[in-house]
Protein chains: 2
Amino acid sequence: MVTIKEIAKRCNVSIATVSNIINGKPNVGRETREKVLKTIEELNYTPNYIAKNLKTRRSKTIGVVVEDITAFCAPDIVDGITKCCEEKGYHILLTNLRLYRKFGESYYENEKFFPMIQKEIKELIAKQVDGIVYVTTHERVLKCFPKELNVPAVMAYGYTRSPKYPSIVVDDRKGAAEVIRYLFSMGHRRIGIVSGPVRSLHTRERLLGVQDIFTEQGIPFEKKCVVEGDWRRGSGYRGTDSLLEQKVTAIFCMSDIMAGGVYDRLGELGLIPGKDISVAGFDDRELSTYYKPPLTTTALPLFEIGYTACEHAIRKIEGSDCGEVPEELLEIARSCSLTVRDSVKDIRIQ
Amino acid sequence: MVTIKEIAKRCNVSIATVSNIINGKPNVGRETREKVLKTIEELNYTPNYIAKNLKTRRSKTIGVVVEDITAFCAPDIVDGITKCCEEKGYHILLTNLRLYRKFGESYYENEKFFPMIQKEIKELIAKQVDGIVYVTTHERVLKCFPKELNVPAVMAYGYTRSPKYPSIVVDDRKGAAEVIRYLFSMGHRRIGIVSGPVRSLHTRERLLGVQDIFTEQGIPFEKKCVVEGDWRRGSGYRGTDSLLEQKVTAIFCMSDIMAGGVYDRLGELGLIPGKDISVAGFDDRELSTYYKPPLTTTALPLFEIGYTACEHAIRKIEGSDCGEVPEELLEIARSCSLTVRDSVKDIRIQ
DNA sequence: TTGTACGCGTTATCAA
DNA sequence: TTGATAACGCGTACAA
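Because the structure is predicted, anything quoted here is derived from the model rather than measured. (Residues numbered from 1 in each chain as written. Chains lettered and ligands numbered in written order. Predicted model: local features only at pLDDT ≥ 70, side-chain atom pairs only at ≥ 80, totals over all residues. Heavy atoms only, no water.)

1. Considering helix H8 (residues 172–185) of chain A
All names here are of chain A. Across its 14 residues, H8 extends 20 Å between first and last C-alpha, which sits within 8% of the 20 Å expected from 1.5 Å per residue. Among the residues of H8, those classed as buried are Asp172, Gly175, Ala176, Ala177, Val179, Ile180, Tyr182, Leu183 and Phe184. Count one or two residues on from H8 and you reach glycine 187, which has phi positive near 95°. (Helix = DSSP H or I, 4+ residues; strand = E, 2+ residues; numbered from the N terminus. Expected span 1.5 Å × (residues − 1). Buried < 20%, exposed > 50% of the residue type's maximum accessible area, 1.4 Å probe, protein only.)

If you want it as structure tokens, here you go:
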């Protein structure tokens, strides 16, 4: 490995001069600059970041902790983070907790992994990351950052509810409201809901969004039109019948996956989505375009969440104020975007 | 940040002793050891890896370059890499090239991004990574590693065809053969193929696999039963009709996505997959379980590819032989695994 | 305009 | 069993 020393020796200058040239400092002769630059090129010299960082106490590195990179929302969030890092000249030290693989489907109700997170964060600190972005795969409150964390940390997708760490989250309430408003605009009044688990923040916020529109429209919202699901396909399947009994004209599922289950059951009953009954989903996963008919759903602002989270972390690093986060920045919600496909029928009287 | 120096001072020992204790060296009194360990605990001291690495010239870090983390195969490969790193005590410096996002659908036929790769790899080297794993999102030959690379590098999913760098790839030939063998076992003899682009290595290998079975069964394979696709849904859709004209009883698509297109066209024609005609796919993407009926397909050994690639990199690092790779290790193929669902009909005469 | 010398937090080599 | 001290590669006062 060629070092700054070698460059200096070859050019008969001191290492200080070489260092100055590399870092674009003024006060260096044009002639020496050229000579040095040339030999740097020739020897294919690259400054050793490790040494540099040791000196500057800045690693220009963000530690990214992902609960499970194989979860559907993780790659897009990470994509947003990488975009931001690329722009600001940061590197990424990735920690994949593999929670889903290690603890199975319901790891997010499990707190066994908390010590593991602490350990991994400590590792990242030991590696001298300048900041941390934690990416959850289920939206929930998570107290995973140690009290004495000495670098800025931001939560992406989940909530911290801690004044020290901002959360960048989905605007679930508005997202669900938009879906329901669309359903209303197509003439639907009796709308069935397949929700997520009631203890989930997603679920609660979205339910609030649903009610917002019913209230706005002056129509009472009936509790019996809500069936509790668990985000999985089977729960959509199982919930369908009771919703049908309620004579709903449309079913809003809080995940595309559950909508898939609704499709399954509807198919068995010989009912065609978008024709005999309307269905809408949530998440806008690629697979929903393969449903027959393609599902009307709303996209999670995953990329944006990652980007914004990282941006906040870097802003705090560079402003180096690691204090409390002002109230208005504690939870930053990003909007979903509705995608209309063919699963919702227009039942207005012409 | 508390350093080794502080620990030493507090304990009235030299930093050398503290260092020895941390690194489990022998020849240190039990009493001093305990005292030091206790203050380390108290002050919550963590060794600075940066400084350590500067000295040891080992960063215990793998540079992972992913062409696009949002591509469907990337997360699982990265998952395999992280599993391996976790086991061997390595960290991951992640570089997401964002090729798909930057250059669109057909970036893999584009060489504009080569300088970018070189630059990113140089960055990783500057960050002192001990090795590099490059993750492609389309299987192809890629000469992206610079000649003078001074750390071990391994290609995951793509081919290097270079004696210096091993490739860990999908066993496409065997994978396709297995699908065709299954189709044969269900009585199919006239089999249509929706292939990938003919210049793709995937395509060629899989076509070879198809022929292997026809040859084995002593049945001539007809070229006109192959339609060239582009991996995308539309190409499956467009290819269906001409295959139907050939009176095929089954269609093997080289991607689940294209199989989706076939389903689309079949649906329009009122033909039911798994009943009127059989369909099989490739990749085993989650969405294929949402097709109606669920698609019989074969899974790519993504996780294993990532794991194996990383394992090789680390083995080379720790053996620190960075020379040529022995012939038998140049291309390591991992097997696919067939998943039978409901899209293939048994047409044997009972 | 350039060079010297020191320090960043470690590990490693000796000597005590 | 312990301690001084010299590296590691770089940035930066300060001196020249």
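After that view, the rundown keeps rolling.
2. Some details on the sheet that holds strand E8 (residues 250–253) of chain B
Either a parallel or an antiparallel arrangement is found when strands of a sheet pair, and the pairing is made through backbone hydrogen bonds. All names here are of chain B. Strand order in the open sheet made by the four strands is E7-E6-E8-E9, with parallel pairing throughout. Across the chains shown, the open sheet's two edge strands, defined by having one partner strand only, are strand E7 (226–228) and strand E9 (278–280). Averaged over all adjacent pairs, the angle separating strand axes in this sheet is 15°, with direction ignored. Bridging between strand E6 (residues 191–195) and E7 involves three bridges; their strand directions are parallel. Its bridge partner being in E7, isoleucine 193 is matched across the sheet by valine 226. Set on the sheet, helix H8 (residues 172–185) makes contact with E6, E8 and E9; between it and E8 the angle comes to about 170°. (Pairing = 2+ DSSP bridges. Axes fitted to C-alpha atoms, helices over the stretch in contact; angles between N-to-C directions. Contact = heavy atoms within 4.5 Å.)

3. Describing the state of the cysteines
Using the criterion set out here, one finds zero disulfides over all chains in the structure. Cysteine 336 of chain A carries a free sulfur, and the closest cysteine sulfur to it, the one in cysteine 73 of chain A, is 13 Å from it. Free of any disulfide, cysteine 84 of chain B has its nearest cysteine sulfur in cysteine 310 of chain B, 3.8 Å distant. The class of cysteine 84 of chain B is buried, set by a relative accessible area of 0%. (Disulfide = S-S within 2.5 Å.)

4. Considering the interface of chain A and chain B
Chain A puts 53 residues into the contact, and the matching count from chain B is 51 residues. Across the interface of chain A and chain B, roughly 5,000 Å² is buried in total on both sides, 55% from carbon and sulfur atoms. Sorting the residues of chain A by area buried against chain B places Ile50, Lys127 and Tyr290 of chain A first, and these three jointly supply 15% of that buried surface. Inspection of the chain A/chain B interface yields twelve salt bridges. (Buried area = accessible area lost by both parts, 1.4 Å probe. Salt bridge = Lys/Arg side-chain N within 4 Å of Asp/Glu carboxyl O.)

5. Considering the domain arrangement of chain A
Residues and elements named next belong to chain A. Domain annotation of chain A identifies domain 1 (4–47), domain 2 (60–170 + 302–319) and domain 3 (172–299). Between the C-alpha centres of domain 2 and domain 3 the distance comes to 30 Å. Inspection of the domain 2/domain 3 interface yields zero salt bridges. Linking domain 2 to domain 3 there are one residue pair in polar contact (both at pLDDT 80 or more). (Domains from an automatic or database assignment. Polar contact = N/O pair within 3.5 Å; in protein donor to acceptor, adjacent residues only side chain to side chain.)

6. What about the relation of the copies chain A and chain B?
After a rotation of 180° and a shift along the axis of 0.1 Å, chain A superposes on chain B with an RMSD of 0.2 Å. The transformation just described matches what one would write down for a two-fold rotation axis. When the interface residues of chain A are mapped onto chain B, 96% of them again lie at the interface, so the same face is used by both copies. (Least-squares fit on C-alpha atoms with pLDDT ≥ 70 in both.)

7. Remarks on the pattern of salt bridges
Summed over all chains, the structure comprises 49 salt bridges over all chains. A salt bridge links arginine 173 of chain A to aspartate 212 of chain A, with the nearest nitrogen and oxygen atoms 2.8 Å apart. Taken together, the residues arginine 173 of chain A in helix H8 and aspartate 212 of chain A in helix H9 (residues 201–216) connect sequence positions 39 residues apart. Under the relative-accessibility criterion, aspartate 212 of chain A is labelled partly exposed at 28%. For aspartate 284 of chain B, the salt bridge identified is with arginine 341 of chain B, shortest N-O distance 2.7 Å. Separated by 57 residues along the polypeptide, aspartate 284 of chain B in the loop between E9 and strand E10 (297–299) and arginine 341 of chain B in the segment after strand E12 (337–339) bring together distant segments of the chain. Put simply, Asp76 and Asp79 of chain A together with Arg98 and Arg101 of chain B are held in one network by salt bridges that share partners.

8. Here's the deal with the pairing of strand E3 (residues 131–135) of chain B
Looking along a regular strand, one sees the side chains alternate between the two faces of the sheet. All names here are of chain B. Here E3 lies mainly inside the structure; five of its five residues are buried. Here E3 shows two buried faces, one formed by Gly131, Val133 and Val135 and the other by Ile132 and Tyr134. One ladder, built from four bridges, connects E3 with strand E4 (residues 153–156); its direction is parallel. Bridged to isoleucine 132 within E4 is alanine 153.

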